[in-house]
Amino acid sequence: MEISFNWLKKYVDTKLSAEEVATILTDIGLEVEDFQKIETVKGGLKGVVVGYVATCEDHPDSDHLHITTVDVGAEEKLQIVCGAPNCRQGLKVLCATVGSVLYPNGGDEEFKIKRSKIRGVESLGMLCAEDELGIGSSHDGIMELPEDAPVGMSAHEYLGVKDDYLIGIGLTPNRIDAASHIGVARDLVAYLRSKGEDVKLTLPSVDDFKVDNHDLEIPVEVENPEAAPRYAGLTVTDCKIAPSLEWMQNELRAAGINPKNNLVDITNYVLFELGQPLHAFDADKIEGKKIVVKNCAKGTPFITLDGVERKLSAEDLMICSAERPMCIGGVFGGLDSGISDTTVNVFLESAYFNPVSIRRSAKRHGLNTDASFRFERGIDPNMQVYALKRAALLMKELAGGKISSEIIDINPTPASDFEFELSLDRVNSLIGKQIPEETVRTILDALEVKIISEQGRILKVAVPPYRVDVQREADLVEDILRIYGYNNVEIPQAVHSTLSYAPKPDKNKLINIAADHLAACGYTEIMSNSLTKASYYEGLTSYKAENSVRIMNPLSADLNVMRQTLLFNALEAVELNVNHRNADLRLFELGNCYYFNSEVEAEENPLARYSEKYRIAIAVTGLDSQPSWNVKAAGASFFTLRATVEKLLRRFGIDIYTLRSESSQSNLYSDGIVYMQGTKPVVEMGVVAPKLLQKFDLKQAVYFAEIDFELITRAAKKQKITVEELSKFPEVKRDLALLVDKSVTFAQLRNVAMAAEKKLLKRITLFDVYEGDKLPEGKKSYALGFTLEDKSQTLNDKVIEKTMSNIARQLEAKAGAQIRS
């Protein structure tokens, strides 16, 4: 938001400099991001002074040049050669001395005044015409000043040239009330009043408003009051299109607006003055002389002011004549209904539109205008009639118009103040400083906050509705602190705190453990948006589209639902890296996933249908190891991923053999497994389905795992860290080769063996798997390694053989295994 300092001072009577105002605005939360001087006359007429032509003689070597001596208030008069036909003795003129820089006709090309010789005669300056100074277009001769013009006075001071300052404010989305000069002035006045200064906000008077005639009455009908809670308008006739006066053009340019003509400039001026968007229709182009505010049928074609034909949505609020749409309400005008060079009669609109409706229409059509910017954030719902009067009076003054109708104001549900209680003790508590009660009351009054009633140190307050961001006690405390000054709150010398006990296990600590572990294993953490595309979930059975949490007012079609899985974020990251020729990736992400279940009863709690789960995602693709002189390149595989997952589970104290593994039925994977803890899946991992890879134009295999962080957190809670002395007695290792059915898994064999020998059997490993023609059909060969240990004595051969025989018998009996010699 760009603020003109000269424009701002119309509403605040202050002697503060522009620099001081900029500092104050930053201190009270309106951060100044840009500050620059704007010269009304380029170059500022530096070095140009009022001079008196003491003598004027003809140049001996020219038939039109004159040699003059000019008194500029210095000790010595200046000799200047001048060719103007009106140059003569006794004139008061504007003289550019040596070193002055002029910008003729206000252009960008500079003209520097130098000591020079003109046909052999030295000249020490220049007597200037209007165009040479950049203050006019006349070049008939040098400017002739009145006889009382003080010699030696700078031209800048004599002409009353007022330089301006542009103050660029970085508005936060919640401070739309400050998107105008009046809004900024209101905050500045509040600050100055809180410091004890007797200053008031001066609004432009509209007391002279009156209806001149009733020659053009245009009735208004609002069919959708929800989208247009307030709609006001009036007509102005007999307007004469012309350029705006110079003062208005200068102020609009200072605010970053290019002047067009007086009628359009007036609507822009009121917008940047009051923050109320206006729209001026050519009244002669309104068919049926009636305004209808309604929604049109879906697909209705409409050509906007930029010449683009757009297809309307049934949700777009349209300002229509009796026959056709004329404007997308609050967003953009139509091509054939606005002000043109032939406009004489005007219907002036001033409305309050539903912010959500405007935002949706603006995003839907890809339009971002000064009007939509304000409407979609929430303007002052009580400003409409005042803004109409202000604009109508300006049209009378600057365009010669006549107000030809009463103000139509359709406002079925007037906006009310935001009422709540404010505790003075709570103010001090939140700010961290004891602020005098009188100071708080002064600030509240300066912020136009009314005190309705009091009970002890609790005030019931009413905040004006233009402050859409102040609707509760904490918001108002922040506003009080903003005006009081953050810099006025001292940093305490001592910190007073109480001991707090975090829940065990500490979730944040476990998150860091997981992240550190994966990073140590060579994985890179990614962070992605929780918002994603709804189209990703179309056709999925494992994550159905109807279970997505949909955004009511999405920023775009690419961010219209909340993610159910971290897979698609990972694939987006893989796609980005592969496209940048970085195809060997090990990625992980920790984040929430969100779900909607319409089958859950939600009569008492509407949020019961919504849930979220914290998950860990791991993705592997490309090479597992890079080639070097002594190592061949090896591609990543499912087992690369599985090893990482199992290491992470062990880090959290989970024995993977206590989990039940099943084949994944998810259509996210072409092949995958699920680790179950009871009936709950702890981990699901596998090879990402080619159909999904095609959506991201990925031709290389991607291996992905998703872990339920809440389940492994519960497991970590049960983990007990114990310390025991190293055994003094050696371990013994034995191997068995088994012939088993193909359906038998290592986990089954391990469970049988561990049940057979609970005391001495310490560890079992699978070190070889063979399937081939030499084995019976439906069979496979497993080679298992057994580690035995007795912590009380050294094992002898007899005990070892007895133990291994028992294990072999149990494997034969319970797993159908055959011992191979």
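Note: the structure precedes this text.
What counts, and where the lines are drawn
Residues numbered from 1 in each chain as written. Predicted model: local features only at pLDDT ≥ 70, side-chain atom pairs only at ≥ 80, totals over all residues. Heavy atoms only, no water. Core = buried A, V, L, I, M, F, W, Y, C linked by side-chain atoms within 4.5 Å. Buried < 20%, exposed > 50% of the residue type's maximum accessible area, 1.4 Å probe, protein only. Contact = heavy atoms within 4.5 Å. Helix = DSSP H or I, 4+ residues; strand = E, 2+ residues; numbered from the N terminus. Expected span 1.5 Å × (residues − 1). Phe/Tyr/Trp six-rings, centres within 6.5 Å; stacked < 30°, edge-to-face > 60°.

Caption draft 1: Region of interest: the nonpolar core. Membership of the largest hydrophobic core comes to 83 residues, with the highest contact counts inside it found for L25, L476 and I480. Those residues in contact with I480, other than ones at most four positions away along the chain, are L422, V427, I431, V440, I443 and L444. By size, the runner-up hydrophobic cluster in this structure holds 35 residues, among which are V620, I654, Y675 and I707.

Caption draft 2: Highlighting helix α13 (residues 473-484). Along its 12 residues, α13 runs 16 Å from first to last C-alpha, staying within 8% of the 16 Å computed at 1.5 Å per residue. With nine of 12 residues buried, α13 lies mostly within the body of the structure. By the burial criterion, the buried members of α13 are D475, L476, V477, D479, I480, L481, R482, I483 and Y484. Next to the buried residues of α13 lie α2 (18-27), α5 (181-194), β25 (418-423), α11 (424-431), α12 (437-446) and β27 (458-463). The positive-phi residue at the C-terminal boundary of α13 is G485, with phi of around 110 degrees.

Caption draft 3: Spatial organisation of the packing of aromatic side chains. Evaluation of the coordinates by the stated rule reveals 15 aromatic pairs. Both rings, one in Y536 and one in F568, keep their centres 4.8 Å apart while their planes meet at 15 degrees; by these two values the pair is stacked. A residue pair is termed long-range when its members are at least 10 positions apart, and Y536 in the loop between β29 (531-532) and β30 (549-550) and F568 in helix α15 (residues 567-579) qualify at 32 residues. Residue class for Y536 comes out buried when judged on its relative accessible area of 7%. The exposure class assigned to F568 is buried, which follows from its relative accessible area of 1%. Between Y537 and F568, the aromatic rings sit 5.3 Å apart at their centres with planes inclined by 80 degrees, giving edge-to-face as the arrangement. Here Y537 is found in the loop between β29 and β30, whereas its partner F568 is found in helix α15, with 31 residues between them in sequence. Side by side, Y537 and F568 carry an identical accessibility label, which is buried. Through a chain of ring-to-ring contacts, the aromatic side chains of Y536, Y537, F568 and F696 assemble into a single cluster.

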